[in-house]
Amino acid sequence: MTHRHGLAQMTDGASIAWSLEGPEDRPVLMLSNSLGTSMAMWEPQLPRFAERFRVLRYDTRGHGRSWVSPGDYSLDRLGRDAVELLDALAIDAADFCGLSLGGMTGQWLGVFAPERVKRLVLANTSAYMGPPAVWQDRIHRVRGEGMAAIADAVVARWFTAGFQGAAGAARVRTGLLATSPVGYSACCAAIRDMDLRPLVHLIHTPTLIISGLQDPATPPEHAMSLHEQIAGSTLVSLDASHLSNVEQPAAFADAVLAFLA
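Residues numbered from 1 in each chain as written. Predicted model: local features only at pLDDT ≥ 70, side-chain atom pairs only at ≥ 80, totals over all residues. Heavy atoms only, no water.

Asker: What should I look at first to understand the state of the cysteines in this one?
Answerer: Between two cysteines, a covalent bond joining their sulfur atoms is known as a disulfide. Scanning the model with the defined rule gives zero disulfides in all. Lacking any disulfide linkage, Cys187 is separated from the closest cysteine sulfur, that of Cys188, by 7.6 Å. Here Cys187 falls in the buried class, since its relative accessible area comes to 0%. (Disulfide = S-S within 2.5 Å. Buried < 20%, exposed > 50% of the residue type's maximum accessible area, 1.4 Å probe, protein only.)

Asker: Any chance you could explain the packing of aromatic side chains here in plain terms?
Answerer: The relative placement of two aromatic rings is captured by the distance of their centres and the angle of their planes. Within this structure, the stated rule accounts for three aromatic pairs. For the pair Trp42 and Phe252, a centre-to-centre distance of 6.0 Å together with 50° between the ring planes defines the contact as tilted. Linking Trp42 in the loop between strand S3 (28–32) and helix H1 (46–52) with Phe252 in helix H10 (residues 249–260), this pair joins segments that are 210 residues apart in sequence. Per residue, the accessibility class of Trp42 equals that of Phe252, and both read buried. When the ring of Trp108 is compared with that of Phe112, the centres are 5.3 Å apart and the planes differ by 40°; the resulting orientation is tilted. With Trp108 and Phe112 both in helix H3 (residues 101–112), this residue pair falls four residues apart, about one helical turn. Over the ring of Tyr73 we find Arg61; its NZ or CZ atom is 5.9 Å from the centre of that ring. A cation sits over an aromatic face here: Arg197 above Tyr128, 3.8 Å from the ring centre. (Phe/Tyr/Trp six-rings, centres within 6.5 Å; stacked < 30°, edge-to-face > 60°. Helix = DSSP H or I, 4+ residues; strand = E, 2+ residues; numbered from the N terminus. Lys NZ or Arg CZ within 6 Å of the ring centre and 35° of its normal.)

Asker: How should the pairing of strand S5 (residues 94–99) be read in this particular structure?
Answerer: For a regular strand, the rule is simple: side chains alternate between the two faces of the sheet. When you tally the buried positions in S5, you get six out of six residues, the bulk of the element. Two strands pair when backbone bridges link them, and S3 and S5 are joined in this way by four bridges, in the parallel orientation. For Leu31, the partnering residue across the bridge sits in S5 and is Cys97. The pairing of S5 with strand S6 (residues 117–123) spans five bridges and is parallel. What sits directly across from Ala94, in S6, is Val117. (Pairing = 2+ DSSP bridges.)

Asker: Teacher, can you tell me more about helix H7 (residues 181–192) here?
Answerer: The first and last C-alpha atoms of H7 sit 16 Å apart over twelve residues, in line with the 16 Å expected at 1.5 Å per residue. With ten of twelve residues buried, H7 is to be regarded as a mostly interior element. When we look at burial in H7, the residues that qualify are Gly183, Tyr184, Ser185, Ala186, Cys187, Cys188, Ala189, Ala190, Ile191 and Arg192. For H7, the elements touching its buried residues are helix H2 (75–88), H3, helix H4 (132–145), helix H5 (148–158) and helix H6 (167–178). (Expected span 1.5 Å × (residues − 1). Contact = heavy atoms within 4.5 Å.)

Asker: What exactly am I supposed to notice about the nonpolar core here?
Answerer: Within the largest apolar cluster, 86 residues are counted, with the highest numbers of intra-cluster contacts made by Met30, Leu56, Leu85, Phe159, Tyr184, Ile210 and Phe252. For this core, the element with the most residues is H7, which contributes seven residues. (Core = buried A, V, L, I, M, F, W, Y, C linked by side-chain atoms within 4.5 Å.)

Asker: Teacher, can you tell me more about H6 here?
Answerer: Structurally, the α-helix is built with 3.6 residues per turn, so residues lying three or four positions apart point the same way. For H6, spanning twelve residues, the distance from its first C-alpha to its last is 17 Å, which sits close to the expected 16 Å at 1.5 Å a residue. All of the buried residues in H6 are Gly168, Ala169, Val172 and Leu176. Along H6, the residues classed as buried sweep out an arc of 95° about the axis, all on the same side. Across from the buried face of H6, at angles greater than 90 degrees, the exposed residues are Ala167, Arg171, Thr174 and Ala178. (Arc of directions from axis to C-beta.)

Asker: When you look at the pattern of salt bridges in this model, what are you seeing that I'm missing?
Answerer: All chains considered together, the criterion is met by 17 salt bridges. With its nearest N and O atoms 3.8 Å apart, the salt bridge here joins Arg26 to Asp25. Put simply, Asp193 and Arg192 hold a salt bridge, and the shortest N to O gap is 2.8 Å. The exposure class of Arg192 is buried, given its relative accessible area of 16%. Taken together, the shared-partner salt bridges connect Asp12, Arg61, Arg77, Asp81 and Glu84 into one network. (Salt bridge = Lys/Arg side-chain N within 4 Å of Asp/Glu carboxyl O.)

Below, the structure written as structure tokens:
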């Protein structure tokens, strides 16, 4: 078992923080975090994933230890960050699992860089999360008042009422409050401007879609829409809200590992 970590330079000068764990002779599984979290969100799954894979986690631009650049980001930029990170680590192709914003990055890869992904796991995500005005309002609030202004409302949508008092939810809330308002709002802009609905039918990579039955952010019908448009995809529903890997860690790992087997 080896563990490497570092910062990878992107072509625009940004640096992306990454961590690579697991046996060097195993296939790579790349994990992409949600808006307002970091690579730490995958810690519930890491021990099991690292038994079977060389696990590549990274902090999405604007989050964690990755570079925070001013202005708005685009999904195209976030997708190219994933490709350029694979390039920097000399990884030709990987299995990819992304949740929420990470799942949007996964959809982008499936459409625009299919040669870099062997299999896709798209969890608690959507091809479109409009209307744009909702995201613009959140951007204004975060830039004006900071992360504390939205933390309670965000956590209420991330977890079911019964889980919000759990230690796992508290850790995620702490991470949300530590997120850069600049980086968070820049990624909100990527979601605001995203509409992959005309394109997701172009994904031909083997795909697993994971839905949270109690997810108000990306409801089950969003997952069903992806499932209907991505030919041959598999749909698994978990009894969870938006951050299903945190709320149902074992069931999430079971679903992913069964698909990747």
